[in-house]
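Working through the structure, step by step
Residue strings, one per chain:
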Amino acid sequence: VHYSYDLLQGGLLQVWKGDFLNTTEMWYERGEPQTATALGAAITLAGNCPVYIPNQSKDSVTDYQYKGYSLDNKGLPTFNYAYHQLKITDRIQALENGNGLKRSINIDGDKQNIIIRIAQASSIKSIGNGLFIAGDHQYFISIDPSMNAKVENYLGQQVLLVPASASIAYTIIW
């Protein structure tokens, strides 16, 4: 289970299972384009900053600042961010059964009026008990039902939102 991540926005770009990457295009001849290709059936995600600012026609990530990462004893990264007076950590790890990823976002500071975007897709539908279907059954999101998740329309798509709390954890299953 693999993912690609946008350090500028703290957003998940793709998730996939199977082999890791094909980097031929990065090294062959002139090395254009400078992108790697997933060696599995990748699911493209919105790649947006998890901090959601309601009533804006466009995201503004200029206040979301990457502050580096740390590695745990298994070599897995936890990404560190600052947003205004908040300190945010973002940890993504494969589920033990290989069916997806678990994402844990921890927020330190005044979380009043802060909303966290869990997912964005053409459609997001609740199927009960904290389970949501994203897109045309591309993937599932599982969250604790007590997180008070809601789905809103945003720029022609739908977003799955939860109020910020000290710790937000959810799984992406595909």
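What comes next concerns the included structure. (Residues numbered from 1 in each chain as written. Predicted model: local features only at pLDDT ≥ 70, side-chain atom pairs only at ≥ 80, totals over all residues. Heavy atoms only, no water.)

To continue, consider the environment of Q14. Summarising the element assignment, Q14 is placed in strand β2 (residues 11–16). Assessed through its relative accessible area of 22%, Q14 is described here as partly exposed. In this structure the C-alpha to C-alpha distance between Q14 and N48, which are 34 residues apart in sequence, comes to 11 Å. Contact partners of Q14, with chain neighbours within four places excluded, come to H2, Y3, S4, A42, I43, T44 and L45. (Helix = DSSP H or I, 4+ residues; strand = E, 2+ residues; numbered from the N terminus. Buried < 20%, exposed > 50% of the residue type's maximum accessible area, 1.4 Å probe, protein only. Contact = heavy atoms within 4.5 Å.)

What follows deals with the sheet that holds strand β16 (residues 157–163). The antiparallel open sheet is built from four strands, whose spatial order is β6-β11-β16-β15. Two strands in the sheet have a free side with no partner beyond their single neighbour: β6 (51–52) and β15 (150–154). (Pairing = 2+ DSSP bridges.)

What follows deals with the packing of aromatic side chains. If you walk through the whole model with that rule in mind, you get seven aromatic pairs. Aromatic pair W16 and F20: ring centres 6.2 Å apart, planes at 25 degrees, arrangement stacked. Taking the relative accessible area as the measure of exposure, W16 reaches 2% and is therefore buried. Within the aromatic cluster, the residues linked to one another by ring pairs are Y64, Y66, Y81 and Y83. Its end group placed over the ring of W174, K17 keeps NZ or CZ at 5.4 Å from the ring centre. (Phe/Tyr/Trp six-rings, centres within 6.5 Å; stacked < 30°, edge-to-face > 60°. Lys NZ or Arg CZ within 6 Å of the ring centre and 35° of its normal.)

Moving on to the nonpolar core. Of all hydrophobic cores here, the largest spans 36 residues; its most connected members are I88, I116, I118, Y139 and I141. In terms of residues, this core owes the most to one element, strand β11 (residues 115–121), which gives four residues. If we skip the residues at most four places from it in the chain, Y139 touches I43, L45, A119, Q120, A121, F132, I133, A134, I172, I173 and W174. Ranked by size, the runner-up nonpolar core spans five residues in total, among them Y52, I115, Y154 and V159. (Core = buried A, V, L, I, M, F, W, Y, C linked by side-chain atoms within 4.5 Å.)

Quick look at a nonpolar patch on the surface now. Residues L7, Y66, Y69 and L71 make up a contiguous nonpolar surface patch of roughly 400 Å² in combined accessible area. By secondary structure assignment, the location of Y66 is in strand β7 (residues 64–71). For Y66, a relative accessible area of 31% corresponds to the partly exposed category. (Patch = residues over 30% accessible without salt bridge, like charges linked within 9 Å, V, L, I, M, F, W, Y side chains within 5 Å. Areas by Shrake-Rupley, 256 points an atom, 1.4 Å probe, with all protein chains shown as cover. Salt bridge = Lys/Arg side-chain N within 4 Å of Asp/Glu carboxyl O.)

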